[in-house]
Amino acid sequence: MATFGTLSDRLTETFRNLRTKGKLTPADVDGTVREIRRALLDADVALPVVKEFTGKVRERALGDEVNKALNPAQQVVQIVNEELITILGGQQRRLQFAKTAPTVIMLAGLQGSGKTTFAGKLAKMLEKDGHTPLLVAADLQRPNAVNQLQVVAGQAAATIFAPEPGNGVGDPVQVARAGVEHARRQQHDVVIIDTAGRLGVDAELMKQAADIRRATDPDEVLFVIDAMIGQDAVNTAKAFQEGVDFTGVVLSKLDGDARGGAALSVASVTGRPIIFASTGEGLDDLEAFHPDRMASRILDLGDILTLIEQAQQAFDEEEAMKMAEKLATETFTLEDFLEQMQQMKKMGSMKKMLGMLPGMGSMKDQLENFDEREIDRTEAIIRSMTPVERRNPKLLNGSRRLRIARGSGMTVTDVNQLVQRFEQAAKMMKTVARGGMPNIPGMGPIPGGARPGASAKRGKQQKAKGSRSGNPAKRAAENAGIAAAPAAPTGSGFGLGGAKGAPTEADLAELQKLLGKG
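Not measured: the values here are computed from a predicted model.

Turning our attention to the packing of helix α8 (residues 172-186) against helix α9 (residues 203-216). The N-to-C vectors of α8 and α9 enclose an angle of 25 degrees; their axes lie 9 Å apart at closest approach. On the basis of their axis angle, the class for α8 and α9 is roughly parallel. Our pair here, α8 against α9, has a crossing hand that is right-handed. Residues P172, V173, A176, R177 and V180 of α8 form the contact with α9, whose own contacting residues are Q208, D211, I212, A215 and T216. The class makeup of the residues in the contact of α8 with α9 is six nonpolar, two polar and two charged.

This is how it looks when you write it as structure tokens:
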């Protein structure tokens, strides 16, 4: 995540130096804590939070849990990870819905913090979950604020309540109250009230926000804060907490390239949880905030759970089963390849997805140079083929490839490389579909995995083995002994079952439980 990129780099470098030491001395711990303190301060994390954080890390790093550990360096990384989770809020906190509809959600924050865009993102997210949100345009001060919310509502396909034109006209408290009544009549189960902001905290802003809160009695008051505003983030959060109070925090613009560490301080300083993180300009770029996953991203430990959730939302299970069947029966074609790429595009930015993998912080330059348009170019090449060519790439001779290159605006070399990549990918996926281990280009077979056909080769070798004695009687006796030898126990790949090979029902139930499907 770009906002915490500098902090992540500094912490990762600190731990890299730590891992070279077999045993940690108090001087090593002090040096590490000093580097962590500098990294946090450089990232604009509030000083009181830094002092408390580094104090706890030092105390725990000098304790028995590290001294008795087999790998002290890893133990210190674990301590830093746990303390990061704590300052980010500890547990994930979801939206609290009212027992009786509608649930009223009021948005507060400074002008330019991203409230209006967040309102559209939240409405779209709630609609996906089966809710019927209503956006209420109660920002009547900022020029064209009502028009902006109408545009955002249209993009999110959400209903909007905007009885006043804005631009200084209308009573925002009356609009907010009428919006809740309108939602009740029209049976909307969630109301999202977009309120006015200012360039700075002032008495008029606080009074208006407090009046709207009293008039609508919201179930949630979400404070939207720009992750890039530096130390002012903490001061602004404190001012809103005293003036209006809020139940949760939304971090916007987390895809920016500023230091952004002050955003880490908000949950710790205010005692209010971060509920959402906005990670891009698109209406789908909104994530529920998970303190443990964010801490893992900062420490370059990856965020596999979020990656899996995004994949589950984008991929159709029935289509995935059909694709698996095609792979197993060797009927996977370029049409299927195109479909898979379109599914990948639904998941969002490839850079963002790759950045969630562990250890990708060290490949920042390669990620930055990754061209998202490569998928579009590949799609253009495949779409320039005839249906017959897509189903049977072996038909692609020189003249056909030249025609495809011209039709897609690419070169023949690009077409050749695509076909080659497709053949490699199809071969690898077929191997996996059959239960084998793929031979990854440049890496060879995966360690610990048997090559396809290896068991057959071993069988031939064992079959060829026998007594080489020159005495016919002795040779016959020895060969008979080999034939009578007990076969090696088979068992399953998971270590379940014994010589019979197949796992029992209890074994399968246990495995299902381990996979989280029980």
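Structure's up, so let's keep going.
Time to look at the pairing of strand β7 (residues 274-278). Taking burial as the measure, the five residues of β7 include five buried ones, the bulk of the element. Of the pairings in the sheet, the one linking strand β6 (residues 248-252) to β7 comprises three bridges and is parallel in character. For V250, the partnering residue across the bridge sits in β7 and is F276. The pairing of β7 with strand β8 (residues 286-288) spans three bridges and is classified as antiparallel. Bridge pairing in β8 places A277 opposite E287.

What follows is about the packing of helix α2 (residues 26-42) against helix α3 (residues 47-61). Packing of α2 against α3 leaves a shortest axis separation of 10 Å and a crossing angle of 160 degrees. By the angle class used here, α2 and α3 are roughly antiparallel. When you trace α2 past α3, the crossing you get is right-handed. In this structure, α2 contributes V29, D30, V33, I36, R37, L40 and L41 to the contact, and α3 contributes L47, V50, F53, T54, V57, R58 and A61. Looking at the contact of α2 with α3 residue by residue, the classes come out as 10 nonpolar, one polar and three charged.

A word on helix α12 (residues 291-298). Across the eight residues of α12, seven count as buried, placing the element largely inside the fold. Along α12, the positions that sit buried rather than exposed are P291, R293, M294, A295, S296, R297 and I298.

Turning next to the sheet that holds β7. Read across the open sheet, the eight strands follow the order β3-β2-β4-β1-β5-β6-β7-β8; overall the sheet is mixed. Across the chains shown, the open sheet's two edge strands, defined by having one partner strand only, are β3 (159-161) and β8. Within this sheet the neighbouring strands show an average axis-to-axis angle of 25 degrees, counted without direction. Where strand β5 (residues 220-226) meets β6, five bridges bridge the pair, whose relative direction is parallel. Across the sheet, residue F223 finds its bridge partner in β6, namely V249. Sheet contacts for helix α6 (residues 115-128): β1 (103-108), β2 (133-137), β4 (190-194), β5, β6, β7 and β8; angle to β4, the most-contacted strand, approximately 170 degrees. Sheet strands touched by α8: β1, β2, β3 and β4. Its angle to β2, the strand with the most contacts, is close to 160 degrees.

With that settled, consider the pattern of salt bridges. Throughout the structure, instances matching the rule amount to 17 salt bridges. With a shortest N-O distance of 3.0 Å, R38 and E35 are connected by a salt bridge. With R38 and E35 both in helix α2, this residue pair falls three residues apart, about one helical turn. For R38, a relative accessible area of 43% gives the class partly exposed. With relative accessibility at 29%, the residue E35 sits in the partly exposed group. Between R142 and D139 there is a salt bridge; the shortest N-O distance is 3.5 Å. Summarising the burial analysis for this pair, R142 and D139 share the class buried.

Turning next to the packing of aromatic side chains. Considering all chains together, one arrives at three aromatic pairs under this definition. Aromatic pair F223 and F240: ring centres 5.0 Å apart, planes at 35 degrees, arrangement tilted. With a gap of 17 residues between them, F223 in strand β5 and F240 in helix α10 (residues 232-243) connect regions that are remote in the sequence. Given a relative accessible area of 1%, F223 falls into the buried group. Here F240 falls in the buried class, since its relative accessible area comes to 1%. Geometrically, the ring pair formed by F223 and F246 is stacked, given 4.9 Å between the ring centres and 25 degrees between the ring planes. One end of the pair, F223, is in strand β5; the other, F246, is in the loop between α10 and β6, with 23 residues separating them in the sequence. As far as the burial class goes, F223 and F246 line up, both buried. Taken together, the ring pairs connect F223, F240 and F246 into an aromatic cluster.

This part is about the pairing of β1. Looking along a regular strand, one sees side chains alternate from face to face of the sheet. When you tally the buried positions in β1, you get six out of six residues, the bulk of the element. Here β1 shows two buried faces, one formed by T103, I105 and L107 and the other by V104, M106 and A108. With five bridges connecting them, β1 and β4 associate as parallel partners. Residue pairing in the sheet places L107 in a bridge with D194 of β4. Where β1 and β5 come together, four bridges link them in parallel fashion. For M106, the partnering residue across the bridge sits in β5 and is V221.

What counts and how
Residues numbered from 1 in each chain as written. Predicted model: local features only at pLDDT ≥ 70, side-chain atom pairs only at ≥ 80, totals over all residues. Heavy atoms only, no water. Axes fitted to C-alpha atoms, helices over the stretch in contact; angles between N-to-C directions. Helix = DSSP H or I, 4+ residues; strand = E, 2+ residues; numbered from the N terminus. Parallel < 35°, antiparallel > 145°, perpendicular 65-115°, else oblique. Left-handed = near helix turned anticlockwise from the far one by under 90°. Contact = heavy atoms within 4.5 Å. Nonpolar A, V, L, I, M, F, W, Y, C, P; charged D, E, K, R; others polar. Buried < 20%, exposed > 50% of the residue type's maximum accessible area, 1.4 Å probe, protein only. Pairing = 2+ DSSP bridges. Salt bridge = Lys/Arg side-chain N within 4 Å of Asp/Glu carboxyl O. Phe/Tyr/Trp six-rings, centres within 6.5 Å; stacked < 30°, edge-to-face > 60°.

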